[in-house]
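If you want the building blocks of each chain, they are given just below.
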Amino acid sequence: MASWTEAVSERKLHQSRGTLTLPPDSMTRSSPRAGRTPLGFVVSIALAMASALAFRHDASAQSAKAIPTPASVLGFEPGADRKLPTWKQVTDYFAALDKASPRVTVRTLGKTTLGRPFIVAFISDPATLASLPKYQRIQQQLMDPRKKTAATRESLIAQGKNVILITSSIHSTEVGGFLTPFVIADRLARANTAEAREVLANTIIMLVPSQNPDGVDIVGDWYRSSLGTPYEGTNPPSLYHFYTGHDNNRDWYAFSQKETRYTVDSLYTPWVPQIVNDIHQQGSGAGRIFIPPYMDPVEPNIDPILTASTNAMGMAMSWRLIAEGKLGVATNASYDQWSPARQYSLNHRGARILTETASARLASPMDVPYQTLGTARGYDAREATWNHPAIWPGGRWGIGDIVAYQSSATWALLVEAARNRRGWLESYAAMGDRALAESHPWTTTAVPTVYVISKTQKDPSALTRLLWSLQHGQVEVYNSIPDGNYLVPTTQPFGSYAKALLERQKYPNLLEYPGGPPKRPYDVTAHTLPLLFGVDVQALTSPGIALGPIVKPVEEPRYDVAGLSGTSRKRIAIYQSYNASMDEGWTRWVFDANRIPFTTVHDKDVRTGGLRAKFDAIILPDQSAMQLQRGLGAPYPDSLRGGLGAPGAAALKEFVTAGGTLLAFNEASEYAIEALALPVKNILEGVRSTDFYAPGSLFGVEIDRAHPAASTYTAAVPAIWFEDSPTFEITDASRAVSVARYQSAGDPLLSGWLNGGARLNGKSAMVDATLGQGHVYLYGFRPQYRAQTNATWPLIWSAILR
Ligand SMILES: [Zn+2]
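Reading the values: rules and limits
Residues numbered from 1 in each chain as written. Predicted model: local features only at pLDDT ≥ 70, side-chain atom pairs only at ≥ 80, totals over all residues. Heavy atoms only, no water. Pairing = 2+ DSSP bridges. Helix = DSSP H or I, 4+ residues; strand = E, 2+ residues; numbered from the N terminus. Contact = heavy atoms within 4.5 Å. Axes fitted to C-alpha atoms, helices over the stretch in contact; angles between N-to-C directions. Donors = N, O, S within 2.8 Å, 3.2 Å for Na, K, Ca; no water. Tetrahedral: all angles 85-135°; square planar, octahedral: opposite > 155°, others 65-115°. Core = buried A, V, L, I, M, F, W, Y, C linked by side-chain atoms within 4.5 Å. Buried < 20%, exposed > 50% of the residue type's maximum accessible area, 1.4 Å probe, protein only. Phe/Tyr/Trp six-rings, centres within 6.5 Å; stacked < 30°, edge-to-face > 60°. Lys NZ or Arg CZ within 6 Å of the ring centre and 35° of its normal. Parallel < 35°, antiparallel > 145°, perpendicular 65-115°, else oblique. Nonpolar A, V, L, I, M, F, W, Y, C, P; charged D, E, K, R; others polar. Salt bridge = Lys/Arg side-chain N within 4 Å of Asp/Glu carboxyl O. Expected span 1.5 Å × (residues − 1).

Draft legend 1. How the structure looks around the sheet that holds strand 15 (residues 450–453). A sheet is described by the order of its strands in space; here four strands give the open sequence 16-17-15-18, paired in antiparallel fashion. Only two strands of the sheet have a single neighbouring strand rather than two, namely strand 16 (478–479) and strand 18 (537–540). The pairing of strand 15 with strand 17 (residues 486–489) spans four bridges and is classified as antiparallel. Bridged to Tyr451 within strand 17 is Val488. Along the sheet face, helix 17 (residues 460–472) touches strand 15, strand 17 and strand 18 and points at about 150 degrees away from the line of strand 15.

Draft legend 2. Region of the structure containing the coordination of the zinc ion. Around the zinc ion, the donor atoms from the protein are His171 (ND1), Glu174 (OE), Glu174 (OE) and His280 (ND1), and they sit 2.1 to 2.3 Å away. For the zinc ion, the four donor atoms in the first shell make angles of 57 to 151 degrees at the metal, so the coordination geometry reads as irregular.

Draft legend 3. Here's a closer look at the nonpolar core. Core analysis: the biggest nonpolar cluster contains 147 residues, and Leu414 and Ile453 have the highest contact counts within it. No other element matches helix 15 (residues 399–419), which puts twelve residues into this core. In contact with Leu414, other than residues within four places in its own chain, are Ile164, Ile166, Ile184, Leu188, Val199, Thr203 and Ile205. One finds Ala710, Tyr713, Ile800 and Leu801 within the second-largest nonpolar core, a separate group that totals 47 residues.

Draft legend 4. Molecular detail of the packing of aromatic side chains. Applying the stated criterion across every chain yields a total of 29 aromatic pairs. Geometrically, the ring pair formed by Trp252 and Tyr268 is edge-to-face, given 6.0 Å between the ring centres and 75 degrees between the ring planes. Here Tyr268 lies in helix 13 (residues 258–271) and Trp252 lies in the loop between helix 12 (213–226) and helix 13, a separation of 16 residues in the sequence. Taking relative accessible area as the criterion, Trp252 reaches 6% and is therefore assigned buried. Of the residues examined, Tyr268 reaches a relative accessible area of 7% and is grouped as buried. Summarising the aromatic geometry, the rings of Tyr268 and Tyr344 are spaced 4.6 Å apart at their centres and angled 50 degrees between planes, so their arrangement reads as tilted. Taken together, the positions of Tyr268 in helix 13 and Tyr344 in the loop between strand 9 (336–337) and strand 10 (351–358) put the pair 76 residues apart, joining distant regions of the chain. No difference in accessibility class separates Tyr268 from Tyr344, as the two residues are buried. Among the aromatic residues, ring-to-ring pairing joins Trp252, Phe255, Tyr268, Tyr344 and Tyr497 into one connected group. The ring of Phe242 has Arg588 lying over it, and the distance from NZ or CZ to the ring centre is 4.7 Å.

Draft legend 5. Structural detail: the packing of helix 6 (residues 87–100) against helix 10 (residues 176–190). At their nearest, the axes of helix 6 and helix 10 sit 12 Å apart, and the two run at 10 degrees to each other. For the element pair helix 6 / helix 10, the angle class is roughly parallel. Residues Gln89, Val90, Tyr93, Phe94 and Leu97 of helix 6 pack against Pro181, Phe182, Ala185, Asp186 and Ala189 of helix 10. Residue classes in the contact of helix 6 with helix 10 are distributed as eight nonpolar, one polar and one charged.

Draft legend 6. Structural view of the pairing of strand 31 (residues 774–779). Burial runs high along strand 31: six of the six residues are buried. Here strand 31 shows a buried face lined by Gly774, Val776 and Leu778 and a second buried face lined by His775, Tyr777 and Tyr779. Here five bridges tie strand 22 (residues 661–665) to strand 31, and the two strands are oriented parallel to one another. Counterpart to Leu663 in the pairing with strand 31 is Tyr777. In terms of strand pairing, strand 30 (residues 764–771) meets strand 31 through six bridges, oriented antiparallel. Counterpart to Leu771 in the pairing with strand 31 is Gly774. A loop of two residues connects strand 30 with strand 31, the two strands running antiparallel in sequence, and Gly772 in this loop sits at a positive phi of about 60 degrees.

Draft legend 7. Representation of the pattern of salt bridges within the structure. Scanning the model with the defined rule gives 38 salt bridges in all. Across the pair Asp616 and Arg571 runs a salt bridge, and its minimum N-O distance is 3.1 Å. In this pair, Asp616 sits in the loop between helix 21 (603–608) and strand 21 (617–620) while Arg571 sits in the loop between strand 18 and strand 19 (572–575), placing the two residues 45 residues apart along the sequence. A relative accessible area of 14% means that Asp616 is categorised as buried. Owing to a relative accessible area of 36%, Arg571 belongs among the partly exposed residues under this scheme.

Draft legend 8. Representation of the environment of Val524. By the secondary structure assignment, Val524 is in the loop between helix 18 (495–502) and helix 19 (529–533). Taking the relative accessible area as the measure of exposure, Val524 reaches 3% and is therefore buried. Sequence-wise, Val524 and Arg595 are 71 residues apart; in three dimensions their C-alpha atoms are separated by 29 Å. Dropping the residues within four chain positions of it, Val524 is found in contact with Trp338, Ser339, Pro695, Gly696, Trp721, Glu723, Tyr785 and Arg786.

Draft legend 9. Local environment of helix 17. Helix length check: helix 17 (13 residues) gives 18 Å between terminal C-alpha atoms against 18 Å at 1.5 Å per residue, within 8%. Here helix 17 lies mainly inside the structure; eleven of its 13 residues are buried. Among all positions of helix 17, only Ser461, Ala462, Leu463, Arg465, Leu466, Leu467, Trp468, Ser469, Leu470, Gln471 and His472 are buried. Following helix 17 by one or two positions, Gln474 has its phi on the positive side, about 70 degrees.

Draft legend 10. Fine view of the sheet that holds strand 29 (residues 749–751). Pairing within the open sheet is antiparallel, and its three strands lie in the order 26-24-29. Only two strands of the sheet have a single partner each, and these edge strands are strand 26 (719–722) and strand 29. Sheet twist, expressed as the average angle between the axes of neighbouring strands with direction ignored, equals 45 degrees. As defined by bridge partners, strand 24 (residues 697–700) adjoins strand 26 across four bridges and the pair is classed as antiparallel. Counted as the bridge partner of Phe699 is Ile720 from strand 26.

Pasting the structure below:
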């Protein structure tokens, strides 16, 4: 654990700068309580020594005079109320730090989606920074037993560093993450304490100050323009990542976005870090910070060494924060350990330390009275329990508090990682040995020897995407002899990860209590690439399958839709709500990836009418009927309010009647049924979660391949992505037909979690409703879910082309 004097002196340093917003009575409240325990005694001594320590800091500050302070670049202290940096200020600061400090080396990894530089700062002892290739080699040798001999293992462990990746502010409304990297970098570049020296000597830190630089300006610009208005502190009326919004943290096996690729290609793959600290914020109404352990379930392919080390690190951090006097620290709460979409490191040898600090209103403070604090999953913010031992008494909460909690948590992680460097490296090497063992010692079910991917697939670009995705996640793919199919053996460094993506998930049937409602997962429950992409893959269990040559990295797939890619024969509009929908962003990404031109339309474009003269097809991406109809309300400015409303519904009806095609994805189908008075009923409306539940799973369907909207569909095992989806019953067969329907008996679940599946038997998953001269296509699923469902993309293209 930490030296308490360090913690107190760091706090003193920040108080003197006026950046740390501790509750005014925190000292008087913690001191008497602390005085009753030996630990508290240490804290009391430390408090008494604070002035002497502050002097020591002054002295070290003198010696580091040339190092720029964050305030000298920003014009304010990180954590000052109502102040956020621009991305230019962030990059200016790190460029200045790179110049001034031998402990910091900054690299640009590429340009973001909207053209900003994406940077990383390597932070360590100057001698270590001078030999980064050497340490990268040590990492690779420790990670992969094929690259070392038993004799060199001990010397590699003795020389190696604990490599830590810190990714901040991937979610751009979690604005403390814009500022905490300044505090961490400044402390490491400047500090001369024994603790800081220990961190620098034992670790290599790769600090990504923002995993979404575009969002720093999208949110920052909106926030600055909102200051002093009624909508100060609201979220911007657009996605904060151009394509994905919040889903940018659901891209860690599909790697569709540039920002994901920079971190994977330039940091994860060459370095395979032991620890990843991912800095986030949560809602404002419960605990002040979440730190692992996570809640169940655990993805069964993750090496339990990582679950255990994540738990141990989280508990050490929680211990230190509570000892520093931080209140409202919760563990084993809210967040689970299931989807690889947001936990790349847990599938790649790295402990994942997610921290989630309570939010304010962006950088504007708020008052959170004690009586308003509530429960989160796993604890009650007004009760002391083992996983939430110190109650926060409520009060003012602002950006300074957020930065203080985030910085303390990250510092606690760094100190713990430095102190137990050897332990981390030993278990890291052990994981390498286990991955290459004949069977994975932690699995109780049989592990296939190899997955066989036939080289002949109906959709060659989907096959290429599967190979590209696996290789991009460090999976080795081999050719078979003599037929040249593709083989993915499970005995390889990231064989467990490959297995997780190639097999079907069996999500546990977790209920709140016996007979009670299902326990909502943190995210979705399935990630089976062969079903998502529509590629045929077979698992084989037989020893002695000969591997041919390793397959060189394949090129990224190029998609092509005859009649739409390049110069489209159809004029297509995609509706964009000011109540931003991530599905709308993903839809744009899929269109861009397929090079299909489209026009973005907003509420007033639709409400104005005359749509048939401009467009042949209009897409309503997944969004609730209520949001589509009403849009944004107060306190947003009038120009953004109102949604589609009655004029929008009338204009869409007129568009279809005059021969237009309307495509409504997932929940938007419910809007279309009502707004256009279609002869279709959603049979799941009002059904309780105890009777039917499927929070993000893959279901089998029967596709009517003779229907024109399914004419380009190719997947051998038809699977759709079901997530809070409607399911249809046609009430007038003369005006609507089914394009895809569920089997007449049995459970349609292919991967993930489903309770009450019999309800779907014989019902429609996709409907073609005729209205006047036109058609409305209702999709009771997400046909381009997170850009991953290549299998169902053709159901979009054929409907548009019909
Ligand atoms: Zn987040």
